[in-house]
Amino acid sequence: MKSFLFRSCFFVVLLCVYMGVQNTHAYVLSTNSVGTPLRWATPASPTFYTNWQNSSTLSYSQIFTAFTNAFQRWKYTGSAAIDFEYYQGTSVNSWGYDGHNSIFFASQSAQKMGSSTLGVTYVFSSSGTIVETDVEFNDERFTFTTNATDSSQFGSGAQVFLENVATHEFGHAYGLGHSAALQSTMVFLENRAQAKPSCDDITGIGAAYPLSSYSSARGTIVGSIDLSGTGVFGAHISAISKTRGTVVASTISQTNGSFTLTKLEPGDYYLLVEPFATVAPISSLCGGS
């Protein structure tokens, strides 16, 4: 059974536009080229403009419900101080730094995606502050539905539950990167039940936009992954709650092997360390480079 990938692209807006694949931090947060986590300025309440027209025959109201549901799942995690404004029409159809956070479908745009890519989020930032994000959904290769049982990975062919993809992509829009935790909304492969953020996602969005009532009783695990005395870069570290029996946070080790897991609820944890992914998915996620 073929699995289908999400992709994300990150840009730094200075005097010119820079494009690159970024390093990753806990849960996993997206960063710019010097390692600064990407976040909206506070209060984090971006306004999104959507072109609802699509080739999947979904109606105006179906698109409105799917996308606002996805945004609300991030807003109401109980861990993060974030909000959003949402407008829907027919005008936007491309990504590019223009001061508008645009959401649109590939069938309405001249900008296309690869045949195995469900969606792409473009993030523009300046000195670590997100200034714009645009999201494109690949309705030319996939048929998006409102059926939560549809999934490209589990035998439904090209039919995919739109809210699975929307929640994932909107996580990128708030600054979350790809995770290797299989239960995570931000895992790099589409999966059933992905529309609902996991413990890992809730911890991550809370780390990016901490809500004081959530953060006051949270702890941190700091460590380093070494191999024969040399720090290991790119190891995937998962914190598994002994009480819950599930991954509640994950991160990628830095170039010197160090890692930090923050916003953890009190308790005992097992740490699982493994390679982030095989070469093929990493190559796909990084645009083949």
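Above this text you will find the structure in question.
Residues numbered from 1 in each chain as written. Predicted model: local features only at pLDDT ≥ 70, side-chain atom pairs only at ≥ 80, totals over all residues. Heavy atoms only, no water.

What follows covers the overall build of the protein chain. Summing up its helical and strand segments, the protein chain has 5 helices and 17 strands in all. Within the protein chain, the fraction of its 289 residues that count as buried is 51%. Once local pairs closer than 6 in sequence are excluded, the contacts in the protein chain between residues at least 24 apart make up 69%. Accessible surface, the protein chain as shown: approximately 12300 Å² in total, 54% of it carbon and sulfur. (Helix = DSSP H or I, 4+ residues; strand = E, 2+ residues; numbered from the N terminus. Buried < 20%, exposed > 50% of the residue type's maximum accessible area, 1.4 Å probe, protein only. Contact = heavy atoms within 4.5 Å. Areas by Shrake-Rupley, 256 points an atom, 1.4 Å probe, with all protein chains shown as cover.)

With that out of the way, let us pick up the environment of Arg-244. For Arg-244, the location among the structural elements is in the loop between strand S14 (235-241) and strand S15 (247-252). Look at Arg-244 and you get partly exposed, because its relative accessible area is 48%. Once the C-alpha coordinates of Arg-244 and Tyr-269 are considered, the two residues, 25 residues apart in sequence, prove to be 9.6 Å apart. With near-sequence residues (within four places) excluded, Arg-244 lies in contact with Cys-199 and Glu-265.

This part is about helix H1 (residues 60-75). An ideal rise of 1.5 Å per residue puts 22 Å on 16 residues; H1 measures up with 22 Å between its terminal C-alpha atoms. For H1, the complete set of buried residues consists of Ile-63, Ala-66, Phe-67, Thr-68, Ala-70, Phe-71 and Trp-74. Residues of H1 that are buried in the fold lie against strand S4 (47-51), strand S5 (85-89), strand S6 (101-105), strand S8 (129-137), helix H2 (162-173) and helix H3 (199-208). (Expected span 1.5 Å × (residues − 1).)

This part takes up the nonpolar core. Formed by 36 residues in total, the largest nonpolar core has its most connected members in Phe-67, Phe-137, Phe-170, Tyr-174 and Tyr-209. Those elements giving two or more residues to this core turn out to be H1, S6, strand S7 (117-126), S8, H2 and H3. For this core, the leading source of residues is H1, giving 6 residues. In this view, Phe-170 contacts Phe-67, Ala-70, Phe-71, Trp-74, Ile-103, Val-135 and Phe-137; residues no more than four positions away in its chain are not counted. (Core = buried A, V, L, I, M, F, W, Y, C linked by side-chain atoms within 4.5 Å.)

So, on to the pairing of S7. Burial of S7 is extensive: 9 of the 10 residues sit out of reach of the surface. From the end of S7 to the start of S8, which pair antiparallel, there are 2 residues, and Ser-127 there has a positive phi angle of about 55 degrees. (Pairing = 2+ DSSP bridges.)

In this section: the side chain of Ser-241. With respect to the helices, strands and loops of the structure, Ser-241 is situated in strand S14. Polar contacts involving the side chain of Ser-241 include one to the main-chain amide nitrogen of Thr-243, which spans 3.2 Å. Once you skip the residues sitting within four places of it in the chain, Ser-241 turns out to touch Thr-246, Val-248, Glu-265, Asp-268 and Tyr-269. (Polar contact = N/O pair within 3.5 Å; in protein donor to acceptor, adjacent residues only side chain to side chain.)

Attention now goes to the packing of aromatic side chains. Under the definition given, this model contains 19 aromatic pairs. Taken together through their ring pairs, the aromatic side chains of Phe-48, Phe-64, Phe-67, Phe-71, Phe-84, Tyr-86, Phe-105, Phe-137, Phe-144, Phe-170, Tyr-174 and Tyr-209 make up a single cluster. Positioned over the ring face of Phe-142 is Arg-141, at 5.2 Å from the centre of the ring. (Phe/Tyr/Trp six-rings, centres within 6.5 Å; stacked < 30°, edge-to-face > 60°. Lys NZ or Arg CZ within 6 Å of the ring centre and 35° of its normal.)

One pass over the full model with this rule turns up 4 salt bridges. Its salt-bridge partner being Arg-73, residue Glu-163 comes within 2.8 Å of it at the nearest N-O pair. Placement of Glu-163 in helix H2 and of Arg-73 in helix H1 is noted, with a sequence separation of 90 residues between them. When its relative accessible area of 11% is taken as the criterion, Glu-163 is described as buried. Across the pair Arg-244 and Glu-265 runs a salt bridge whose closest N-O atoms are separated by 2.6 Å. Remark: Glu-265 occurs in the loop between strand S16 (258-264) and strand S17 (269-275) and Arg-244 occurs in the loop between S14 and S15; sequence separation between them is 21 residues. (Salt bridge = Lys/Arg side-chain N within 4 Å of Asp/Glu carboxyl O.)

Quick look at the sheet that holds S17 now. Ordered by their spatial adjacency, 3 strands build an open sheet running S15-S14-S17, and the pairing between neighbours is antiparallel. This sheet does not close on itself; its edge strands, each paired only once, are S15 and S17. Each adjacent strand pair in this sheet contributes to an overall mean axis angle of 20 degrees, direction not counted. In terms of strand pairing, S14 meets S15 through 5 bridges, oriented antiparallel. Following the sheet pairing, His-236 is matched in S15 by Ile-252. (Axes fitted to C-alpha atoms, helices over the stretch in contact; angles between N-to-C directions.)

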